[in-house]
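What follows is the residue order along each chain.
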Amino acid sequence: MTSIDHAEWASYLLAAADDCSAVTAITKQVGEFSIDDAYAIQAALLELRLGRGDALAGAKLGLTSAAKQEQMGVSEPVYGWVLESSVLDDSGEVDLSGLIHPRCEPEFVFVLGDDLAGPGLTSGDVLDATESVTGGIEVIDSRYEAFSFKLSDVVADNTSAARVAIGSGAIGPRDADLTTVGCVLEVDGEVVATAAGAALLGDPAGCVAMLANHLGKHGQRLQAGWTILAGAPTDAKPLAAGTRVCARYSHLGSVSVRGRAHG
Ligand code: OOG
Ligand code: MG
């Protein structure tokens, strides 16, 4: 396996996002590199963004459903960061001029009332620490050509994080069985995918526990007030100018976004 310069590849990915221009996957240039190196590139990229005045709004999981793993050809969950600058306002308007090839996917969103420090956390610990759960739509945007990557590439690229819309239909963490909460994804009024919470490795809260346990290994914790995305239960759909994507949840209300060509 190749050894790899974390700062150099973090700058490479930041430039791709800044230029709105897809770049060749890192593994296509240097071959396979380790997951530890991938998370180190992701950490360096986060530092670059925080250095520009951005702030952490939370954290996310990706590739926690069979639908996503099959779509992307990557069969392991991944962890990344949610930045304040990525959170959309209530209008749900997505300025496409700042994105490369965005796609939308539904998300189960947890807002934490208490810190969560792994390892050893369970789904019950997550529910205890959760203030509310709501429905969201994540707009992902791989910085790689053709939205194509290997596991270590997508980790380095902060798991394709780009924008997120958070719905207003919050419920308490035990007001519904999250495994049976249903989600219907519509594009321009047509149903394109359906799923239940259990699509997320059997339990959305269990996914958040995995994330906290992963961070615990690195001496980090999920913080009270943070927004946590448990991962998409369906595959992702392209967001073009004028396209309206709506995610309707059985207990969490609805949330929608619309692609807009210019700022
Ligand atoms: C990776 C990001 C995956 C999810 O919810 O599965 C993700 C990708 O599909 O580009 O955010
Ligand atoms: Mg996602």
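Before reading on, note that the structure itself is shown above.
Nothing here was measured: the structure is a model prediction, and the numbers come from that model.

Engineer: Outline the coordination of the magnesium ion (ligand 2), listing residues and values.
Structural biologist: Taken together, E105 (OE), E107 (OE) and E138 (OE) make up the full set of protein donors to the magnesium ion (ligand 2), lying 1.9 to 2.0 Å away. Donor residues for the magnesium ion (ligand 2) sit on one chain with the sequence pattern E-x1-E-x30-E. Highlighted residues: E105 in strand β4 (residues 103-112) and E138 in strand β5 (residues 130-140), separated in sequence by 33 residues.

Engineer: Quick rundown of the site of ligand 1? Include the residues and the values.
Structural biologist: Looking at ligand 1, there are 17 residues lining it, with K60, L63, K68, E105 and S160 nearest. With respect to ligand 1, the side chain of E105 contributes an N or O atom lying 2.7 Å from an oxygen atom. In the model, an oxygen atom of ligand 1 is placed 2.7 Å from a nitrogen or oxygen of the S160 side chain. If you list the elements that add at least two residues to the shell around ligand 1, you get β1 (56-62), α4 (66-72), β4 and β5.

Engineer: Kindly report on the pattern of salt bridges, identifying the contributing residues and their values.
Structural biologist: One pass over the full model with this rule turns up 10 salt bridges. Between R52 and D18 there is a salt bridge, with its nearest N and O atoms 2.5 Å apart. Taken together, the residues span a long stretch of sequence, with R52 in the loop between α3 (35-51) and β1 and D18 in helix α1 (residues 6-19) at a distance of 34 residues. The partner of E32 in a salt bridge is K150, with the nearest N and O atoms 3.7 Å apart. Taken as a pair, E32 in the loop between α2 (26-30) and α3 and K150 in the loop between β5 and α6 (151-156) lie far apart in primary sequence, 118 residues in all. Owing to a relative accessible area of 44%, E32 belongs among the partly exposed residues under this scheme. Taking the relative accessible area as the measure of exposure, K150 reaches 43% and is therefore partly exposed.

Rules used throughout
- Numbering of residues starts from 1 in every chain and runs along the sequence as written.
- Chains and ligands are labelled sequentially in the order written, the chains with letters from A and the ligands with numbers from 1.
- Only residues with pLDDT of 70 or above have their local features reported here, since the model is predicted, and side-chain atom pairs are shown and tallied only from 80 upward, although totals for entire chains, interfaces and linings are computed over all residues.
- The side-chain values count all of the structure's non-hydrogen atoms but skip hydrogen atoms and water molecules.
- Atoms are scored as donors when they are N, O or S and lie within 2.8 Å of the metal, with 3.2 Å used for Na, K and Ca; no water is included, so coordination may look incomplete.
- Secondary structure is summarised from DSSP: a helix means a run of H or I of at least four residues, a strand means a run of E of at least two, and numbering begins at the N terminus for each.
- Here, proximity means that at least one heavy atom of the residue falls within 4 Å of the molecule or strand.
- Here a polar contact is recorded for every N or O atom pair within 3.5 Å, except that within protein the pair must consist of a potential hydrogen donor and a potential acceptor, and residues adjacent in sequence are included only if both atoms are side-chain atoms.
- Any carboxyl oxygen of Asp or Glu within 4 Å of a side-chain nitrogen of Lys or Arg constitutes a salt bridge here.
- Exposure is judged per residue with a 1.4 Å probe applied to protein chains only, and the accessible area is read against the type maximum: over 50% gives exposed, under 20% gives buried, and values in between give partly exposed.

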